[in-house]
Amino acid sequence: MFLEVETHCHTIASGHAYNTLEEMVLEAQRKGLKGICITDHGPEMPGSCSSLYFYNLVVVPRKINGIMVFRGCEANIVDYEGNIDIPEAALMRLDFVIASLHDVCIPSGTVSDHTRALIGAIKNPYIHCIGHPGNPLYEIDKEVVVLAAKEYKKAIEINNSSFYVREKSKENCTEILKLCKKHGVYIAMGSDAHYKADVGRCEITQKLVTEYEFPLELIVNKSLESFISFLKLHGKDIEI
């Protein structure tokens, strides 16, 4: 495996994924990963769970079958100021929070609108990563967003599933990756798995990272240790 930690996956709690939390964790174990983030969609996603689900994730064991389990979410950005659909009381209990734009939660606007929304999310101290910013439905000023991520020490996701489900994503993600390398910005390589077979799948992202000689020290989930260190930058003191 190129990665030790899966940072983006969904369970049946998201409403349109097909495996339980435990099934996703056991798949991570089978593939030789050391950790997995459970990042179900926030409640604005049709069919997803309530905020109480995220508040209560603390009941999930930190380790299952030797695999570190990180309690997370993929919050939906709900306006162009970057507000999200998860309350602070729940966010405080989570380890890793991704914020993303989804067309069923917020309409496409202008480049300026989308850029402002992502920067607003980046400024939120409880958000650690911007999800699939290469989505062509939400074109952004890529360099402005990358520089904001640098300022706030946040990660930009290079989402492997986008290359299959979002036309033009490869072009956008490649530009974003180059900018992250230029400015020394963290990236997360997420599968965005909605079915267990895709846990840890990042072959296209890995190819781009290798092709453009992206610094391995800036990939937050390259190792379990690097992921723990990234979370510590944001006040999360988690023991391996």
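Residues numbered from 1 in each chain as written. Predicted model: local features only at pLDDT ≥ 70, side-chain atom pairs only at ≥ 80, totals over all residues. Heavy atoms only, no water.

*Asks:* I'd like a rundown of the environment of Cys-37, residues and numbers included.
*Replies:* With respect to the element layout, Cys-37 can be found in strand E2 (residues 35-41). Each residue touching Cys-37, except ones within four places of it in the same chain, is listed here: Val-5, Glu-6, Thr-7, His-8, Cys-9, Phe-70, Phe-96 and Phe-227. (Helix = DSSP H or I, 4+ residues; strand = E, 2+ residues; numbered from the N terminus. Contact = heavy atoms within 4.5 Å.)

*Asks:* Lay out the packing of aromatic side chains with the relevant residues and their values.
*Replies:* Inspection of the entire model under this criterion finds four aromatic pairs. Between Tyr-186 and Phe-230, the aromatic rings sit 5.3 Å apart at their centres with planes inclined by 70°, giving edge-to-face as the arrangement. Note that Tyr-186 is positioned in the loop between helix H7 (169-183) and strand E8 (187-190) and Phe-230 in helix H9 (residues 224-232), a separation of 44 residues in sequence. The class for Tyr-186 is partly exposed, based on a relative accessible area of 25%. Pairwise contacts between aromatic rings join Phe-70, Phe-96 and Phe-227 into one cluster. (Phe/Tyr/Trp six-rings, centres within 6.5 Å; stacked < 30°, edge-to-face > 60°. Buried < 20%, exposed > 50% of the residue type's maximum accessible area, 1.4 Å probe, protein only.)

*Asks:* Any details on the nonpolar core? Residues and values, ideally.
*Replies:* In terms of nonpolar packing, the biggest core is built from 64 residues, with Ile-36 and Ile-187 touching the most fellow members. Leaving out residues up to four positions away in the same chain, Ile-187 has contacts with Ala-155, Ile-156, Ile-158, Leu-177, Cys-180, Val-209, Phe-214, Leu-218, Ile-219, Val-220 and Asn-221. Counting residues in each nonpolar core, the second largest holds 16 residues, with Phe-70, Leu-224, Phe-227 and Ile-238 among its members. (Core = buried A, V, L, I, M, F, W, Y, C linked by side-chain atoms within 4.5 Å.)

*Asks:* Give a description of the environment of Glu-81 that names residues and reports values.
*Replies:* Considering the arrangement of structural elements, one finds Glu-81 in the loop between strand E4 (67-76) and helix H3 (88-91). For Glu-81, a relative accessible area of 48% puts it in the partly exposed group. With residues up to four places along the chain from it excluded, the contact list for Glu-81 reads Arg-116, Ala-117 and Gly-120.

*Asks:* Kindly report on the pairing of strand E5 (residues 96-100), identifying the contributing residues and their values.
*Replies:* Buried residues dominate E5, accounting for five of its five residues. Side chains Phe-96, Ile-98 and Ser-100 of E5 all project onto a buried face; the interleaved residues Val-97 and Ala-99 project onto the opposite face, where all are buried too. Alignment of E4 against E5, held across five bridges, turns out to be parallel. Paired with Asn-76 across the bridge in E5 is Ser-100. In terms of strand pairing, E5 meets strand E6 (residues 129-130) through two bridges, oriented parallel. Along E6, the bridge assignment pairs Ala-99 with Ile-130. Assessed by its sense of winding, the connection that carries the chain from E5 through helix H4 (residues 111-123) to E6 is right-handed. (Pairing = 2+ DSSP bridges. Right-handed = clockwise from strand over helix to strand, strands pointing away.)

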